[in-house]
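# Understanding the architecture of this molecule
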Amino acid sequence: MSQKQQSDNSLFLNHIKNLKSDRRNTLYWQLFILIVFIITWEATSRLAWIDPLIFSSPSKVASMLLTNLADGSLWFHLQITLFETIAGFLVGTILGILLAFLLWYSEKLSDILDPYLVILNALPKVALGPIIIVALGPGYFSIIMMGAIICFIITALVVYSAFREVDPNYLKVLQSFGATKWQCFKEAVFPASFPAMISTFKVNVGLSWVGVIVGEFLVASKGLGYLIVYGFQVFNFTLVLYSLVVIAILASLMYQGVERLEKWLIKKS
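Residues numbered from 1 in each chain as written. Predicted model: local features only at pLDDT ≥ 70, side-chain atom pairs only at ≥ 80, totals over all residues. Heavy atoms only, no water.

Looking now at the overall build of the protein. Helices and strands together make up the secondary structure of the protein, namely twelve helices and zero strands. In summary, the protein has a C-alpha radius of gyration of 24 Å against a globular reference of 18 Å for 269 residues, an excess of more than 25%. Principal-axis analysis of the C-alpha atoms places the extent of the protein at approximately 70 × 65 × 30 Å. When each of the 269 residues of the protein is scored for burial, the buried share is 33%. If you take every contact in the protein between residues at least 6 apart in sequence, the share linking residues at least 24 apart comes to 69%. Carbon and sulfur atoms make up 69% of the accessible area of the protein, which amounts to about 16600 Å² in all. Treating the 19 positive side-chain charges of the protein as one cloud and the 15 negative ones as another, the clouds have centres 7 Å apart. (Helix = DSSP H or I, 4+ residues; strand = E, 2+ residues; numbered from the N terminus. Rg over C-alpha atoms; globule rule 2.2 N^0.38 Å. Buried < 20%, exposed > 50% of the residue type's maximum accessible area, 1.4 Å probe, protein only. Contact = heavy atoms within 4.5 Å. Areas by Shrake-Rupley, 256 points an atom, 1.4 Å probe, with all protein chains shown as cover. Lys, Arg positive; Asp, Glu negative; His and termini not counted. Charge placed at Lys NZ, Arg CZ, Asp CG, Glu CD.)

Written out as structure tokens, the structure is:
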């Protein structure tokens, strides 16, 4: 091995070590901020610097979490909301990508639907909740559709924009060899748009939770959204914060799942 190759390998290894060190430092800072927040919250609640009735405390939230884990009530509400959120996320994302494909494939359809998509994107989708529930009935389907609709429009607009931004030279090369429009999409447009799609997945994780929780606010008699509403009704703010903590944990896990999917797709591509 030449001296230049040894030098290049050394630089590459140092770069990998620096990346791992940066990730560790980032994780340490994230944990530090979380621990400081929890300690500050607990201390200010115990010292009555904040109203413990309204803001509760980490110890009370943790105690309720352990109690509900033991008696199974946490899993009962959690599985319902988690199913609705994952279903809304998948339905909205898949349909959004399909619409983006149709808009890319047909310029005429894109010209026709473009103003309607812009208007739908500008509308507060949450405000459609009562209409969706009245139209579809008070059940799982209407709540899932709440999560799906919020993801659907964002996915369609972002992914369609990514499809259009693919370098046209790639398409010209394929077309020069007689490739059809579908082959151009499969071989060039779709793979080149992976980063935009993954970014959309990450955004949709949060949006799907918003849609489902709002849907549960309006119509559900079970689920984490229902627990939040019930907690406000009976002035049990520990229950409200407990539900929010569980939602935050689940949303973080879903986000991590999308990041792992991103790494897997990058390795496969």
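Turning our attention to the nonpolar core. By size, the foremost hydrophobic cluster in this structure holds 43 residues, and its most contacted members are Phe163 and Tyr242. Broken down by secondary-structure element, the contributors of at least two residues to this core are α3 (58-71), α4 (73-105), α7 (140-164), α9 (181-192), α10 (194-219), α11 (224-233) and α12 (237-268). Ranked by the residues each element gives to this core, the list is headed by α12, at ten residues. (Core = buried A, V, L, I, M, F, W, Y, C linked by side-chain atoms within 4.5 Å.)

Let us look at the environment of Ser193. Along the polypeptide, Ser193 turns up in the loop between α9 and α10. Taking the relative accessible area as the measure of exposure, Ser193 reaches 1% and is therefore buried. The spatial distance from the C-alpha of Ser193 to the C-alpha of Gly129 is 31 Å, given a sequence separation of 64 residues. Residue contacts for Ser193: discarding those within four places in its chain leaves Ala162, Phe163 and Val166.

It is worth spelling out the packing of α4 against α10 at this point. In contact at an axis separation of 8 Å, α4 and α10 are set at 130° when each is read in the N-to-C sense. Classed by the angle they form, the pair α4 and α10 counts as oblique. Pair α4 / α10 crosses with right-handed handedness. Contact with α4, carried on its side by Ile80, Thr81, Leu82, Glu84, Thr85, Phe89, Thr93 and Ile97, involves Met197, Phe201, Asn204, Val205, Ser208, Trp209, Val212, Ile213 and Glu216 of α10 and no other residues of that element. (Axes fitted to C-alpha atoms, helices over the stretch in contact; angles between N-to-C directions. Parallel < 35°, antiparallel > 145°, perpendicular 65-115°, else oblique. Left-handed = near helix turned anticlockwise from the far one by under 90°.)

Where nonpolar side chains cluster on the molecular surface, the patch consists of Ile86, Leu90, Val91, Ile94, Leu95 and Leu98 and spans about 490 Å² of accessible area. Inspection of the secondary structure puts Ile94 in helix α4. (Patch = residues over 30% accessible without salt bridge, like charges linked within 9 Å, V, L, I, M, F, W, Y side chains within 5 Å. Salt bridge = Lys/Arg side-chain N within 4 Å of Asp/Glu carboxyl O.)

Turning to unusual backbone geometry, a few remarks are in order. Its identity as a non-glycine residue notwithstanding, Ala48 has a phi of 60°, on the positive side. In this fold, Ala48 is placed in the loop between α1 (3-46) and α2 (52-55).

Before going further, it helps to examine the packing of aromatic side chains. Within the structure shown, the criterion is met by 15 aromatic pairs. Between Trp182 and Phe185, the aromatic rings sit 5.8 Å apart at their centres with planes inclined by 25°, giving stacked as the arrangement. With a gap of three residues between them, Trp182 and Phe185 both fall in helix α9, about one helical turn apart. Trp182 sits in the partly exposed class, given a relative accessible area of 44%. Phe185 sits in the buried class, given a relative accessible area of 7%. With 5.9 Å between their ring centres and 85° between their planes, Phe235 and Phe237 make a pair best called edge-to-face. According to the relative accessible area criterion, Phe235 is exposed, its value standing at 58%. Lying over the aromatic face of Trp104, Lys181 brings its terminal NZ or CZ to 5.3 Å of the ring centre. (Phe/Tyr/Trp six-rings, centres within 6.5 Å; stacked < 30°, edge-to-face > 60°. Lys NZ or Arg CZ within 6 Å of the ring centre and 35° of its normal.)

We now examine the layout of surface pockets. Considering only enclosed or pocket space, the largest pocket measures out at about 290 Å³ in volume. Looking at the largest pocket, it is lined by 13 residues, and the ones nearest its centre are Trp104, Glu107, Tyr160, Arg164 and Lys181. Taken together, the elements giving at least two residues each to the lining of the largest pocket come down to α4, α5 (107-122), α7, α8 (168-176) and α9. Among the residues making up the lining of the largest pocket, the classes are represented as seven nonpolar, two polar and four charged. For the second largest pocket, the full set of lining residues is Leu34, Phe37, Ile38, Trp41, Pro58, Val61, Ala62, Leu65, Val245 and Ile249. Residues belonging to the lining of the second largest pocket are distributed by class as follows: ten nonpolar, no polar and no charged. (1 Å grid on protein atoms, 1.4 Å probe; cavity = no way out; pocket = protein on both sides within 12 Å on 5 of 7 lines; lining within 4 Å. Points joined across faces, edges and corners; volume = space filled by probe spheres on them. Nonpolar A, V, L, I, M, F, W, Y, C, P; charged D, E, K, R; others polar.)

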